[in-house]
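Residue-level listing of the chains:
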Amino acid sequence: MKRAKPYPTFESEFHKLGAKKYYEWLGNEEEKVKKSDQKVENISEINPGDWVTIVRNYAKEHGKDNLRNKYRILSKKVKASQVWFDGNSLNEAGYTP
């Protein structure tokens, strides 16, 4: 975010809205997910753009604290080049195969 370099899947949204409005939009989307009562079901794979971590306990704590226990942990071995960090935290990354 500091470099204004969005994830490629969201790049068109970034260019359409501009940096400031893009990050506001992204924050609003996050809040919608947090407030949703929708259950996580039938998810069996990690998709491009998904939030990932290399620390299982971090995923558990994040799910309990931020997602009101509406989470499911999946695991997958991938190349290091398929995981990107925005410099915010080594515990939080994106998956880009």
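Calculation criteria
- Along each chain, residue indices are assigned from 1 in the same order as the chain's sequence is written.
- Per-residue local features of the predicted model are confined to residues with pLDDT of at least 70, and side-chain atom pairs are confined, for both listing and counting, to 80 or more; whole-chain, interface and lining totals are unaffected and use all residues.
- Excluded from the side-chain calculation are hydrogens and water; included are all heavy atoms of the structure.
- By definition, two strands form a pair when at least two bridges between them are found by DSSP.
- Helix and strand labels come from DSSP, where a helix needs a run of H or I of at least four residues and a strand needs a run of E of at least two; each type is numbered from the N terminus.
- Each residue's exposure class comes from its accessible area (1.4 Å probe, protein chains only) as a fraction of the maximum for that residue type: buried when under 20%, exposed when over 50%, partly exposed otherwise.
- Note on contacts: a residue pair qualifies if any of its non-hydrogen atoms lie within 4.5 Å across the two residues.
- When a carboxyl oxygen of Asp or Glu is within 4 Å of a side-chain nitrogen of Lys or Arg, the pair counts as a salt bridge.
- Two rings from Phe, Tyr or Trp (for Trp, the six-membered ring) form a pair when their centres sit within 6.5 Å of each other. Planes less than 30 degrees apart are called stacked, planes more than 60 degrees apart edge-to-face, and all others tilted.

*Asks:* Give me the sheet that holds strand E1 (residues 51–52): which residues, what numbers.
*Replies:* Here we have 3 strands laid out as an open sheet, ordered E1-E3-E2, and antiparallel in their pairing. With partners counted over all chains shown, the strands left at the sheet margins are E1 and strand E2 (83–84), one partner each. Where E2 meets strand E3 (residues 93–95), 2 bridges bridge the pair, whose relative direction is antiparallel. Counted as the bridge partner of Val-83 is Tyr-95 from E3.

*Asks:* Kindly report on the side chain of Gln-82, identifying the contributing residues and their values.
*Replies:* By the element assignment, Gln-82 lies in the loop between helix H3 (56–66) and E2. Taking the relative accessible area as the measure of exposure, Gln-82 reaches 19% and is therefore buried. Apart from the residues lying within four places of it in its own chain, the contact partners of Gln-82 are Gly-94, Tyr-95, Thr-96 and Pro-97.

*Asks:* Talk me through the pattern of salt bridges; I want residue IDs and the actual numbers.
*Replies:* Applying the stated criterion across every chain, the model contains 1 salt bridge. A salt bridge links Lys-32 to Glu-29; the shortest N-O distance between them is 3.1 Å. With a gap of 3 residues between them, Lys-32 and Glu-29 both fall in helix H2 (residues 19–35), about one helical turn apart.

*Asks:* Tell me about the packing of aromatic side chains, and please be specific about residues and values.
*Replies:* Within this structure, the stated rule accounts for 3 aromatic pairs. One aromatic cluster is present, built from ring pairs that chain together Tyr-22, Tyr-23 and Trp-25.

Take it as geometry only, folks, not as evidence of what the structure does.
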